[in-house]
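Structural features, examined
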Amino acid sequence: MTVVLDSSALFEMQDLPDDDCVTVPGVWLELKRHKDPRIAYWEGILRTSSPGPGSMAKVERAAERSGDSGRLSATDTELLALALELDSVLLSDDYSMQNIAQLIGVKCVPVATRGIKKVWKWAYRCKGCGKMYDSDKTECDVCGHGLKSVRRR
Ligand SMILES: [Zn+2]
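Residues numbered from 1 in each chain as written. Predicted model: local features only at pLDDT ≥ 70, side-chain atom pairs only at ≥ 80, totals over all residues. Heavy atoms only, no water.

Now for the coordination of the zinc ion. Summarising the metal site, the zinc ion is bound by the protein donors Cys 126 (SG), Cys 129 (SG), Cys 140 (SG) and Cys 143 (SG), whose distances to it range over 2.2 to 2.3 Å. The site at the zinc ion holds four donor atoms, and with the angles between them running 95 to 120 degrees, its shape is tetrahedral. In the primary structure, the donors to the zinc ion are separated according to the pattern C-x2-C-x10-C-x2-C. Of the two residues, Cys 126 is situated in strand 6 (residues 122-126) and Cys 143 in the loop between strand 7 (132-133) and strand 8 (147-151); the sequence distance between them amounts to 17 residues. (Donors = N, O, S within 2.8 Å, 3.2 Å for Na, K, Ca; no water. Tetrahedral: all angles 85-135°; square planar, octahedral: opposite > 155°, others 65-115°. Helix = DSSP H or I, 4+ residues; strand = E, 2+ residues; numbered from the N terminus.)

With that settled, the discussion passes to the pattern of salt bridges. For the structure on display, the rule yields five salt bridges. For the salt bridge of Lys 32 with Glu 43, the shortest nitrogen-to-oxygen distance reads 3.7 Å. One end of the pair, Lys 32, is in helix 2 (residues 25-33); the other, Glu 43, is in helix 3 (residues 39-43), and eleven residues separate them in sequence. Looking at Glu 43, the relative accessible area reads 46%, which means it is partly exposed. (Salt bridge = Lys/Arg side-chain N within 4 Å of Asp/Glu carboxyl O. Buried < 20%, exposed > 50% of the residue type's maximum accessible area, 1.4 Å probe, protein only.)

Moving on to the environment of Ser 96. Within the secondary structure, Ser 96 is located in helix 6 (residues 95-104). Exposure remark for Ser 96: the relative accessible area of 8% places this residue in the buried category. C-alpha separation for the pair Ser 96 and Ala 63, spaced 33 residues apart in sequence, amounts to 8.4 Å. If we skip the residues at most four places from it in the chain, Ser 96 touches Asp 68 and Arg 71. (Contact = heavy atoms within 4.5 Å.)

Before going further, it helps to spend a moment on the environment of Pro 51. Summarising the element assignment, Pro 51 is placed in the loop between strand 3 (46-48) and helix 4 (53-66). Owing to a relative accessible area of 14%, Pro 51 belongs among the buried residues under this scheme. For the pair Pro 51 and Ser 135, spaced 84 residues apart in sequence, the C-alpha separation works out to 38 Å. With near-sequence residues (within four places) excluded, Pro 51 lies in contact with Val 24, Met 56, Glu 78, Ala 81, Leu 82 and Glu 85.

In structure tokens form, the structure reads like this:
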């Protein structure tokens, strides 16, 4: 199954579902703006794709019909259009997106109800000596190198 994820879903999740996970370029920009430590990990497993103008127009028309167009960003529109094109499930906690998804026949699932939250923690490892830390810091106490977020095993 293909799953399209918006940033509300990504911010909420500790891990991605075991599906073909796709998002649009605008979501990466949001993640990078928040300096999300999971970016490096997600880059390996989250595909990026952009929808065509036909499905974008369909989403825009639905948004106007439902009165959600003012609340829908360009990125939201792309996510909905991509989910429509790929005939995939959209994972989002955004009400406007859920609304429009229903109008265009896309199955939209909020993260909480999907029970995806597999809890796993982040740790931070020094790029120099490899010492592990529970929280991020600008440099390692031991050797002064920067830290890198890693998935704790
Ligand atoms: Zn170190």
